[in-house]
Amino acid sequence: MTMPLLQARHLTRSIRGRAVVSDVSFDVHAGECIGLIGPNGSGKSSLLRLLTGLQRPNSGEITLKGELLSRLSRRQIARCLAFVAQSQEASERLTVRQSVALGRTPWLSVLSPWGPADEGAVQKALSSVGLTGFEGRDWESLSGGERQRGHIARALAQEPELLILDEPANHLDIHHQLAVLDLIAGLNVTTILAVHDLNHAMRCDRIACLDQGQLVALGPPAEVLTPQLLREVFHIRARQLSDPHDGQLIWRFDALEKV
Ligand SMILES: Nc1ncnc2c1ncn2[C@@H]1O[C@H](COP(=O)(O)OP(=O)(O)OP(=O)(O)O)[C@@H](O)[C@H]1O
(Lines give C-alpha, C1' and ligand atoms only; values in the text may rest on other atoms or scores of the structure.)
Protein backbone atom coordinates (compact mmCIF):
# COMPACT_ATOMS: atom_id res chain seq x y z
CA MET A 1 0.00 0.00 0.00
CA THR A 2 1.43 3.38 -0.96
CA MET A 3 1.74 6.14 1.62
CA PRO A 4 -1.34 8.40 1.75
CA LEU A 5 -0.82 11.84 0.22
CA LEU A 6 -2.45 13.38 3.27
CA GLN A 7 -3.23 11.94 6.69
CA ALA A 8 -5.39 13.65 9.29
CA ARG A 9 -5.15 12.23 12.79
CA HIS A 10 -7.54 13.14 15.62
CA LEU A 11 -7.99 16.74 14.48
CA THR A 12 -9.81 18.98 16.92
CA ARG A 13 -10.33 22.72 16.54
CA SER A 14 -12.20 24.59 19.25
CA ILE A 15 -13.55 28.13 19.12
CA ARG A 16 -14.52 29.65 22.46
CA GLY A 17 -14.64 26.24 24.10
CA ARG A 18 -16.78 24.63 21.37
CA ALA A 19 -15.29 21.98 19.09
CA VAL A 20 -16.10 22.99 15.49
CA VAL A 21 -13.93 20.09 14.27
CA SER A 22 -13.94 17.16 16.65
CA ASP A 23 -11.50 14.23 16.59
CA VAL A 24 -11.48 13.87 12.79
CA SER A 25 -9.18 11.24 11.25
CA PHE A 26 -8.92 10.09 7.63
CA ASP A 27 -6.44 9.39 4.84
CA VAL A 28 -6.41 10.81 1.33
CA HIS A 29 -4.72 8.71 -1.35
CA ALA A 30 -3.17 10.03 -4.56
CA GLY A 31 -5.68 10.27 -7.40
CA GLU A 32 -8.77 10.31 -5.19
CA CYS A 33 -11.58 12.84 -5.29
CA ILE A 34 -13.17 13.24 -1.86
CA GLY A 35 -16.43 15.13 -1.44
CA LEU A 36 -16.94 16.73 1.96
CA ILE A 37 -20.61 17.13 2.86
CA GLY A 38 -22.49 18.25 5.95
CA PRO A 39 -25.16 20.75 7.00
CA ASN A 40 -24.44 24.48 7.35
CA GLY A 41 -22.09 25.04 10.26
CA SER A 42 -21.03 21.37 10.49
CA GLY A 43 -17.35 22.32 10.18
CA LYS A 44 -16.51 21.74 6.50
CA SER A 45 -14.70 25.05 5.94
CA SER A 46 -13.01 24.78 9.33
CA LEU A 47 -11.71 21.30 8.50
CA LEU A 48 -10.48 22.41 5.06
CA ARG A 49 -8.58 25.34 6.62
CA LEU A 50 -6.84 22.89 8.97
CA LEU A 51 -5.88 20.63 6.04
CA THR A 52 -4.31 23.57 4.19
CA GLY A 53 -2.29 24.66 7.22
CA LEU A 54 -4.01 28.07 7.24
CA GLN A 55 -5.21 27.27 10.75
CA ARG A 56 -3.69 25.01 13.36
CA PRO A 57 -5.67 22.33 15.15
CA ASN A 58 -5.84 22.53 18.95
CA SER A 59 -4.91 18.87 18.92
CA GLY A 60 -4.15 16.19 16.38
CA GLU A 61 -1.81 16.27 13.42
CA ILE A 62 -1.73 16.33 9.64
CA THR A 63 0.93 14.83 7.44
CA LEU A 64 1.44 15.81 3.81
CA LYS A 65 3.49 13.26 1.84
CA GLY A 66 4.64 11.86 5.17
CA GLU A 67 5.87 15.21 6.56
CA LEU A 68 4.18 16.95 9.45
CA LEU A 69 2.29 19.93 7.98
CA SER A 70 3.15 22.03 11.02
CA ARG A 71 6.88 21.66 10.20
CA LEU A 72 6.57 22.72 6.55
CA SER A 73 6.97 26.32 5.33
CA ARG A 74 4.11 28.02 3.46
CA ARG A 75 6.18 27.73 0.29
CA GLN A 76 6.74 23.99 0.75
CA ILE A 77 3.03 23.50 1.37
CA ALA A 78 2.09 25.66 -1.65
CA ARG A 79 4.27 23.54 -3.95
CA CYS A 80 2.11 20.55 -3.09
CA LEU A 81 -1.29 21.90 -2.12
CA ALA A 82 -3.55 24.62 -3.56
CA PHE A 83 -6.68 25.94 -1.89
CA VAL A 84 -9.69 27.64 -3.42
CA ALA A 85 -11.54 29.24 -0.51
CA GLN A 86 -15.20 30.21 -0.41
CA SER A 87 -15.87 33.85 -1.46
CA GLN A 88 -12.18 34.51 -1.96
CA GLU A 89 -11.31 38.01 -3.14
CA ALA A 90 -8.24 39.44 -4.84
CA SER A 91 -7.39 42.65 -3.05
CA GLU A 92 -5.14 44.43 -5.52
CA ARG A 93 -6.14 45.82 -8.92
CA LEU A 94 -4.89 43.08 -11.19
CA THR A 95 -5.60 41.78 -14.64
CA VAL A 96 -6.89 38.23 -14.94
CA ARG A 97 -3.50 37.07 -16.19
CA GLN A 98 -1.65 38.74 -13.28
CA SER A 99 -4.06 37.24 -10.81
CA VAL A 100 -3.70 33.71 -12.21
CA ALA A 101 0.09 34.18 -12.47
CA LEU A 102 0.17 34.58 -8.67
CA GLY A 103 -0.34 30.82 -8.61
CA ARG A 104 3.26 30.46 -9.81
CA THR A 105 4.68 32.27 -6.74
CA PRO A 106 5.78 29.13 -4.84
CA TRP A 107 7.90 28.08 -7.84
CA LEU A 108 9.69 31.40 -8.39
CA SER A 109 12.93 32.56 -6.84
CA VAL A 110 15.99 34.62 -7.73
CA LEU A 111 17.54 31.46 -9.17
CA SER A 112 14.34 30.45 -10.86
CA PRO A 113 12.74 33.59 -12.37
CA TRP A 114 9.58 33.71 -14.47
CA GLY A 115 10.03 31.67 -17.64
CA PRO A 116 8.20 29.91 -20.48
CA ALA A 117 7.14 27.02 -18.21
CA ASP A 118 5.43 29.51 -15.88
CA GLU A 119 3.71 31.25 -18.80
CA GLY A 120 2.65 27.83 -20.13
CA ALA A 121 1.16 26.84 -16.76
CA VAL A 122 -0.86 30.09 -16.63
CA GLN A 123 -2.18 29.68 -20.19
CA LYS A 124 -3.05 26.00 -19.59
CA ALA A 125 -4.89 26.90 -16.37
CA LEU A 126 -6.85 29.71 -18.08
CA SER A 127 -7.75 27.41 -20.94
CA SER A 128 -8.94 24.60 -18.66
CA VAL A 129 -11.48 26.88 -16.95
CA GLY A 130 -12.58 28.48 -20.24
CA LEU A 131 -10.99 31.89 -19.56
CA THR A 132 -8.68 32.06 -22.56
CA GLY A 133 -9.08 35.55 -24.02
CA PHE A 134 -9.79 37.11 -20.60
CA GLU A 135 -6.07 37.68 -19.82
CA GLY A 136 -6.11 41.46 -20.21
CA ARG A 137 -9.40 42.07 -18.38
CA ASP A 138 -9.43 43.76 -14.97
CA TRP A 139 -10.10 41.12 -12.35
CA GLU A 140 -12.73 43.38 -10.83
CA SER A 141 -14.67 43.46 -14.11
CA LEU A 142 -15.32 39.69 -13.99
CA SER A 143 -18.74 38.35 -13.05
CA GLY A 144 -19.06 36.21 -9.90
CA GLY A 145 -18.90 32.99 -11.89
CA GLU A 146 -15.94 34.14 -13.98
CA ARG A 147 -14.07 35.10 -10.81
CA GLN A 148 -14.74 31.67 -9.36
CA ARG A 149 -13.24 30.10 -12.48
CA GLY A 150 -10.34 32.55 -12.19
CA HIS A 151 -9.68 31.40 -8.62
CA ILE A 152 -9.65 27.79 -9.81
CA ALA A 153 -7.28 28.78 -12.64
CA ARG A 154 -4.90 30.40 -10.11
CA ALA A 155 -4.92 27.17 -8.06
CA LEU A 156 -4.29 25.08 -11.21
CA ALA A 157 -1.42 27.37 -12.25
CA GLN A 158 0.18 26.36 -8.94
CA GLU A 159 0.38 22.80 -10.40
CA PRO A 160 -0.51 21.20 -7.07
CA GLU A 161 -0.64 17.50 -6.27
CA LEU A 162 -3.56 18.14 -3.92
CA LEU A 163 -6.32 20.61 -4.73
CA ILE A 164 -8.69 21.62 -1.92
CA LEU A 165 -11.82 23.54 -2.88
CA ASP A 166 -14.50 25.00 -0.63
CA GLU A 167 -17.80 24.86 -2.53
CA PRO A 168 -16.30 25.47 -5.99
CA ALA A 169 -19.71 25.45 -7.70
CA ASN A 170 -20.92 28.40 -5.59
CA HIS A 171 -21.97 31.43 -7.68
CA LEU A 172 -21.91 29.41 -10.90
CA ASP A 173 -24.82 28.97 -13.26
CA ILE A 174 -25.92 25.39 -13.90
CA HIS A 175 -23.79 25.03 -17.04
CA HIS A 176 -20.65 26.24 -15.26
CA GLN A 177 -21.44 24.20 -12.13
CA LEU A 178 -21.39 21.05 -14.23
CA ALA A 179 -18.45 22.26 -16.32
CA VAL A 180 -16.35 23.01 -13.21
CA LEU A 181 -17.22 19.64 -11.67
CA ASP A 182 -16.33 17.90 -14.97
CA LEU A 183 -13.11 19.91 -15.03
CA ILE A 184 -12.22 18.87 -11.47
CA ALA A 185 -13.11 15.24 -12.21
CA GLY A 186 -10.91 15.30 -15.32
CA LEU A 187 -7.85 16.75 -13.57
CA ASN A 188 -4.96 14.49 -12.80
CA VAL A 189 -4.90 15.92 -9.28
CA THR A 190 -6.01 14.56 -5.94
CA THR A 191 -8.97 16.62 -4.82
CA ILE A 192 -10.92 17.35 -1.66
CA LEU A 193 -13.97 19.52 -2.19
CA ALA A 194 -16.77 20.72 0.04
CA VAL A 195 -20.09 20.35 -1.77
CA HIS A 196 -23.69 21.08 -0.86
CA ASP A 197 -25.40 19.41 -3.80
CA LEU A 198 -25.58 15.71 -2.94
CA ASN A 199 -26.05 14.79 -6.60
CA HIS A 200 -22.71 16.50 -7.23
CA ALA A 201 -21.16 14.61 -4.28
CA MET A 202 -22.23 11.34 -5.94
CA ARG A 203 -19.56 11.99 -8.58
CA CYS A 204 -16.72 11.78 -6.03
CA ASP A 205 -14.76 8.58 -5.34
CA ARG A 206 -15.48 8.85 -1.61
CA ILE A 207 -17.69 11.05 0.51
CA ALA A 208 -16.82 12.31 3.98
CA CYS A 209 -19.81 13.50 5.98
CA LEU A 210 -19.47 15.93 8.89
CA ASP A 211 -22.12 16.54 11.50
CA GLN A 212 -21.47 18.97 14.36
CA GLY A 213 -17.74 18.77 13.73
CA GLN A 214 -17.58 14.98 13.76
CA LEU A 215 -16.82 12.72 10.82
CA VAL A 216 -19.93 10.53 10.89
CA ALA A 217 -19.38 8.66 7.59
CA LEU A 218 -16.60 8.08 5.08
CA GLY A 219 -16.74 5.81 2.06
CA PRO A 220 -18.00 5.36 -1.49
CA PRO A 221 -21.12 7.46 -2.29
CA ALA A 222 -23.45 4.46 -2.43
CA GLU A 223 -22.39 3.41 1.08
CA VAL A 224 -22.44 6.88 2.67
CA LEU A 225 -25.54 8.42 1.10
CA THR A 226 -28.29 6.34 2.67
CA PRO A 227 -31.82 7.53 3.50
CA GLN A 228 -31.01 6.93 7.18
CA LEU A 229 -27.88 9.11 7.19
CA LEU A 230 -29.63 11.85 5.21
CA ARG A 231 -32.55 11.81 7.68
CA GLU A 232 -30.31 11.91 10.75
CA VAL A 233 -27.74 14.46 9.50
CA PHE A 234 -29.71 16.66 7.09
CA HIS A 235 -33.26 16.14 8.39
CA ILE A 236 -34.59 15.24 4.97
CA ARG A 237 -36.49 12.33 3.50
CA ALA A 238 -34.47 11.03 0.57
CA ARG A 239 -35.51 8.74 -2.24
CA GLN A 240 -33.45 7.56 -5.17
CA LEU A 241 -35.05 7.53 -8.59
CA SER A 242 -33.68 5.97 -11.72
CA ASP A 243 -33.35 8.17 -14.81
CA PRO A 244 -35.30 6.30 -17.52
CA HIS A 245 -32.86 7.69 -20.09
CA ASP A 246 -29.74 5.90 -18.81
CA GLY A 247 -30.66 4.27 -15.50
CA GLN A 248 -28.50 6.66 -13.50
CA LEU A 249 -29.67 7.12 -9.90
CA ILE A 250 -30.76 10.60 -8.85
CA TRP A 251 -31.77 11.76 -5.37
CA ARG A 252 -35.05 13.44 -4.58
CA PHE A 253 -35.43 15.17 -1.23
CA ASP A 254 -38.17 16.49 1.05
CA ALA A 255 -37.49 18.51 4.20
CA LEU A 256 -38.55 16.91 7.49
CA GLU A 257 -39.41 18.78 10.67
CA LYS A 258 -36.30 19.05 12.86
CA VAL A 259 -36.72 17.11 16.11
N1 LIG B 1 -14.18 32.72 13.85
C2 LIG B 1 -15.25 32.08 14.36
N3 LIG B 1 -15.82 32.47 15.51
C4 LIG B 1 -16.88 31.82 16.04
N5 LIG B 1 -17.43 30.73 15.46
C6 LIG B 1 -16.90 30.30 14.31
C7 LIG B 1 -15.79 30.94 13.69
N8 LIG B 1 -15.48 30.27 12.56
C9 LIG B 1 -16.37 29.26 12.47
N10 LIG B 1 -17.22 29.28 13.52
C11 LIG B 1 -18.33 28.35 13.78
O12 LIG B 1 -17.86 27.05 13.54
C13 LIG B 1 -18.91 26.23 13.01
C14 LIG B 1 -18.41 25.57 11.73
O15 LIG B 1 -18.29 26.58 10.72
P16 LIG B 1 -17.83 26.22 9.25
O17 LIG B 1 -17.78 27.49 8.48
O18 LIG B 1 -16.61 25.40 9.32
O19 LIG B 1 -19.04 25.32 8.77
P20 LIG B 1 -19.43 24.83 7.30
O21 LIG B 1 -19.81 23.39 7.41
O22 LIG B 1 -18.36 25.17 6.34
O23 LIG B 1 -20.73 25.72 7.04
P24 LIG B 1 -21.44 26.23 5.68
O25 LIG B 1 -22.00 25.01 4.99
O26 LIG B 1 -22.54 27.11 6.21
O27 LIG B 1 -20.43 26.96 4.85
C28 LIG B 1 -20.10 27.14 12.81
O29 LIG B 1 -20.99 26.99 13.89
C30 LIG B 1 -19.50 28.54 12.82
O31 LIG B 1 -20.41 29.50 13.31
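The name given to the protein in an unreviewed UniProt entry is ABC transporter ATP-binding protein, with Falsigemmobacter intermedius as the source organism. In its Sequence similarities (unreviewed entry) section, UniProt records this for the protein: "Belongs to the ABC transporter superfamily."

Caption draft 1: Region of the structure containing unusual backbone geometry. In this structure, K65 takes a positive phi of about 50° despite not being glycine. Structurally, K65 is set in the loop between β4 (59-64) and β5 (67-68). Assessed through the 17 C-beta atoms surrounding it within 10 Å, K65 is described here as partly exposed. One non-glycine residue with positive phi stands out, namely E159, at about 50°. Mapping E159 onto the fold places it in the loop between α5 (144-157) and β7 (162-166).

Caption draft 2: Spatial organisation of the pairing of strand β1 (residues 6-15). With seven bridges joining them, β1 and strand β2 (residues 18-28) adopt antiparallel strand pairing. Considered in β2, the bridge of I15 is made with R18. Here β1 hands over to β2 after two residues, with R16 in that stretch at a positive phi of 45°. As judged from the five bridges shared by β1 and β4, these two strands associate in the antiparallel manner. By the bridge assignment, T12 is partnered in β4 with S59.

Caption draft 3: The arrangement of the pairing of strand β8 (residues 190-194) in detail. Counting buried positions along β8 gives five out of five residues, so the element sits mostly inside the fold. Where strand β3 (residues 33-37) meets β8, four bridges bridge the pair, whose relative direction is parallel. In the strand pairing of β8, L36 is matched with A194. Relative to β8, β7 runs parallel, the two sharing five bridges.

Caption draft 4: Seen up close, the site of the ligand. Contacts to the ligand come from I15, V20, G38, N40, G41, S42, G43, K44, S45 and S46. Per element, the largest residue contribution to the shell around the ligand is three residues, and it comes from helix α1 (residues 44-52). For the shell around the ligand, the per-class residue count stands at two nonpolar, seven polar and one charged.

Caption draft 5: Spatial organisation of the environment of V233. Examined against the element boundaries, V233 turns out to sit in helix α9 (residues 227-234). Here V233 falls in the partly exposed class, since 18 other C-beta atoms lie within 10 Å of it. The residues touching V233, leaving out its near neighbours within four places in the chain, are P39, C209, D211 and V216.

Caption draft 6: Spotlight on helix α6 (residues 174-186). An ideal rise of 1.5 Å per residue puts 18 Å on 13 residues; α6 measures up with 18 Å between its terminal C-alpha atoms. Residues of α6 that are buried include every one of V180, L181 and I184, and no others. Relative to the axis of α6, the buried residues are bounded by an arc of 95° and lie together on one face. Along α6, exposed side chains directed more than 90 degrees from the buried face belong to H175, D182, A185 and G186.

Caption draft 7: Molecular detail of the packing of helix α4 (residues 116-128) against α5. Viewed as axis vectors pointing N to C, α4 and α5 meet at an angle of 145°, and their least axial separation amounts to 8 Å. In the crossing of α4 with α5, the sense of the turn from one axis to the other is right-handed. Seen from α4, the contacting residues are A121, V122, A125, L126 and S128; seen from α5, they are A153, L156 and A157. Across the contact of α4 with α5, the residue classes break down as seven nonpolar, one polar and no charged.

Caption draft 8: Quick look at the nonpolar core. Among the nonpolar cores identified, the biggest contains 64 residues, and L36, L51, A153 and I164 are the most heavily contacted of them. When residues in this core are grouped by element, the largest group, five residues, is from α5. For I164, the contacting residues outside a window of four places in its chain are L48, L51, T52, L81, F83 and I192.

About the criteria used
Residues numbered from 1 in each chain as written. Predicted model: local features only at pLDDT ≥ 70, side-chain atom pairs only at ≥ 80, totals over all residues. UniProt positions renumbered as here; feature names shortened; annotations may be inferred. Helix = DSSP H or I, 4+ residues; strand = E, 2+ residues; numbered from the N terminus. Buried ≥ 20, exposed ≤ 12 C-beta atoms within 10 Å, placed from the backbone. Pairing = 2+ DSSP bridges. Near = placed C-beta within 6 Å. Nonpolar A, V, L, I, M, F, W, Y, C, P; charged D, E, K, R; others polar. Contact = placed C-beta atoms within 7 Å. Expected span 1.5 Å × (residues − 1). Arc of directions from axis to C-beta. Axes fitted to C-alpha atoms, helices over the stretch in contact; angles between N-to-C directions. Left-handed = near helix turned anticlockwise from the far one by under 90°. Core = buried A, V, L, I, M, F, W, Y, C linked by C-beta atoms within 7 Å.

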